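Each chain is listed here by its residues.
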Amino acid sequence: MRALDVADAWVLEPTVFPDGRGTFHEWYRGAEFRAATGYDLPLAQANCSVSRRGVLRGVHFSDVPPGQAKWVSCLRGAVLDVVVDLRTGSPTYRRWEAVRLDDTDRRAVFLAEGLGHAFLALTDDATVVYLTSSGYAPEHEHGVHALDPGLGIEWPAGITPLLSEKDAAAPTLAEAERAGLLPSYARCADRYRRLREGEFSGPS
């Protein structure tokens, strides 16, 4: 696992073993995850989304607590996966980083609680799976507009983004900050500390 420029986010770059039957790779290893993050992956839910080319999902984030960490990979096709630091007070606040996830290199991205997440489908039938540390809780979930110039995410040229009504109506980063919707880095850092100290034995 390699740390991204956004604090508390990593990318897994696995070795893929091809042969005449197909390929094999390890898309999660607990020991490597713990070595990178200092704690075990708390797993509460597994999701799968299939998107046609141009679909843009996000930027989504959750209140902390409870927060929702994500382990994301693309099983079919390709997406541009983006992690955004939305934690006020963070040393990397407002920073974003993009990683191509596809069915060739088989990368996976982990983002800790409090970070924002979005992806753009680069192919039809782009199939993304993600493990989450907490279950679906709409009362705790929020969004920031993925096309907000204040974020400045560099989405690929030549693809017209298709957003859901909810994502299209999401506030800008400045609006979300003024409304007090964004998680604080101090609260997130306390959550990570408690995970490393083993305070949480399971998902919460």
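Use the structure listed above.
Residues numbered from 1 in each chain as written. Predicted model: local features only at pLDDT ≥ 70, side-chain atom pairs only at ≥ 80, totals over all residues. Heavy atoms only, no water.

Caption draft 1: Geometry of the packing of aromatic side chains. Considering all chains together, one arrives at seven aromatic pairs under this definition. Where Tyr-28 meets Phe-33, the ring centres are 5.9 Å apart and the plane angle is 50°; that geometry is what we call tilted. Here Phe-33 falls in the buried class, since its relative accessible area comes to 0%. Classification of Tyr-28 as partly exposed rests on a relative accessible area of 31%. Three or more aromatic residues link up through ring pairs in this structure, and these residues are Trp-10, Tyr-28, Phe-33, Tyr-39, Trp-71 and Phe-110. (Phe/Tyr/Trp six-rings, centres within 6.5 Å; stacked < 30°, edge-to-face > 60°. Buried < 20%, exposed > 50% of the residue type's maximum accessible area, 1.4 Å probe, protein only.)

Caption draft 2: Focus on the pairing of strand S11 (residues 116–121). Where burial is concerned, most of S11 is hidden: six out of the six residues are buried. Where burial is concerned, the two faces of S11 agree: the one with Gly-116, Ala-118 and Leu-120 and the one with His-117, Phe-119 and Ala-121 are both buried. Across three bridges, strand S6 (residues 56–62) lies against S11 in antiparallel orientation. By the bridge assignment for S11, Arg-57 is matched with Phe-119. (Helix = DSSP H or I, 4+ residues; strand = E, 2+ residues; numbered from the N terminus. Pairing = 2+ DSSP bridges.)

Caption draft 3: A look at the pattern of salt bridges. In this structure the tally under the stated criterion is 14 salt bridges. Here Asp-8 and Arg-87 are joined by a salt bridge, their closest N and O atoms 2.7 Å apart. Placement of the pair is Asp-8 in the loop between strand S1 (2–3) and strand S2 (9–12) and Arg-87 in the loop between strand S8 (78–84) and strand S9 (96–102), with a sequence separation of 79 residues. We note a salt bridge from Arg-21 to Asp-19, for which the minimum N-O separation is 2.6 Å. On the basis of relative accessibility, which here comes to 40%, the residue Asp-19 falls in the partly exposed class. Among the ionic contacts, a cluster of salt bridges with common partners joins Asp-190, Arg-193, Arg-194 and Glu-197. (Salt bridge = Lys/Arg side-chain N within 4 Å of Asp/Glu carboxyl O.)

Interpretation in functional terms is not warranted from these geometric data alone.
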